[in-house]
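The lines below spell out each chain.
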Amino acid sequence: MKTNTMSNPQNQTTQGAAKTRKLVQIAMLAGLAAVLMLFEFPLPFLAPGFYELDFSEVPVLIGSFAMGPLAGACIELIKILINLVLNGTDTMFVGELANLIMGCALVVPAGYIYKRNKNRKNAFIGLALGTIFMTVAATFLNAYVLLPAYGKAFGMSLDVIIGAGAAINGAIDSLFKFCLLAVAPFNLIKGVMVSVVTLLLYKHISGLLKN
């Protein structure tokens, strides 16, 4: 009984240290993701220039793999809040909310599947499923929320946006086709590129997080 009583404070100290370490890692990865969010580049052969790709989801995915899907969602949220402080918002937080949903659609399924059995096969399955979820979420959010909100915020007709897509792909003649033929491929390519970089870096960075 005395041994158990004496060990409890030690266990509490160990648990407290682990929680603190996890919080520090979440904050660190969110800060890195926010920095990467500043470095964007377009894919003009797929979508108009106002769609830009960045690798900010890589630290979020690494955190989701290392600490679980809930930690990944927290990193995603903090990343967006940091970016909001740095750059503000043009769409009354609609864009930030959409980015949060699309980011979580990628990192939460990936982290959940990998957590069940941490091996390379599950990493591939999780990233593939997350990429599909993100692509579907981005397609519907752009069609029904994001593009109409941007149009109102900037006083831009949706016909202008559709026209920008048609300049790249002549088959685009409606908002639905814009999202299906421009937004969906863009996010699919983004998911693949982010997944490949995550797979290349995870082993190295997860080792640093453990140590």
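It should be noted that the structure appears before, not after, this text.
The sections below set out a description of the structure shown in this document.

So, how was this worked out
- Residues numbered from 1 in each chain as written.
- Predicted model: local features only at pLDDT ≥ 70, side-chain atom pairs only at ≥ 80, totals over all residues.
- Heavy atoms only, no water.
- Helix = DSSP H or I, 4+ residues; strand = E, 2+ residues; numbered from the N terminus.
- Contact = heavy atoms within 4.5 Å.
- Patch = residues over 30% accessible without salt bridge, like charges linked within 9 Å, V, L, I, M, F, W, Y side chains within 5 Å.
- Areas by Shrake-Rupley, 256 points an atom, 1.4 Å probe, with all protein chains shown as cover.
- Salt bridge = Lys/Arg side-chain N within 4 Å of Asp/Glu carboxyl O.
- Buried < 20%, exposed > 50% of the residue type's maximum accessible area, 1.4 Å probe, protein only.
- Expected span 1.5 Å × (residues − 1).
- Bend = angle between axes of the 7 residues up to and from the residue.

Along the chain, the position of leucine 146 falls in helix α5 (residues 120-153). In this structure the C-alpha to C-alpha distance between leucine 146 and alanine 98, which are 48 residues apart in sequence, comes to 7.1 Å. Excluding anything up to four places from it in sequence, leucine 146 contacts Val94, Gly95, Ala98, Met102 and Leu141.

This part is about a nonpolar patch on the surface. Together, Leu129, Ile132, Phe133, Val136, Phe140, Tyr144 and Val145 line one region of the surface with nonpolar side chains, adding up to about 670 Å² of accessible area. Among the structural elements, phenylalanine 133 can be located in helix α5. On the basis of relative accessibility, which here comes to 40%, the residue phenylalanine 133 falls in the partly exposed class.

On to helix α4 (residues 94-116), then. Helix length check: α4, at 23 residues, gives a terminal C-alpha distance of 33 Å against a target of 33 Å (1.5 Å per residue), a fit within 8%. Its maximal kink placed at cysteine 104, α4 deviates by approximately 30 degrees.

We now examine the side chain of serine 195. Tracing the backbone through its elements, the reader meets serine 195 in helix α7 (residues 175-210). For serine 195, a relative accessible area of 8% puts it in the buried group. Residues within four places of serine 195 in sequence aside, it is in contact with Leu127 and Thr131.

Over its 19 residues, helix α3 (residues 69-87) extends 27 Å from the first C-alpha to the last, a length consistent with the 27 Å expected when each residue adds 1.5 Å. Positive backbone phi, at 70 degrees, marks glycine 88, one or two positions downstream of α3.

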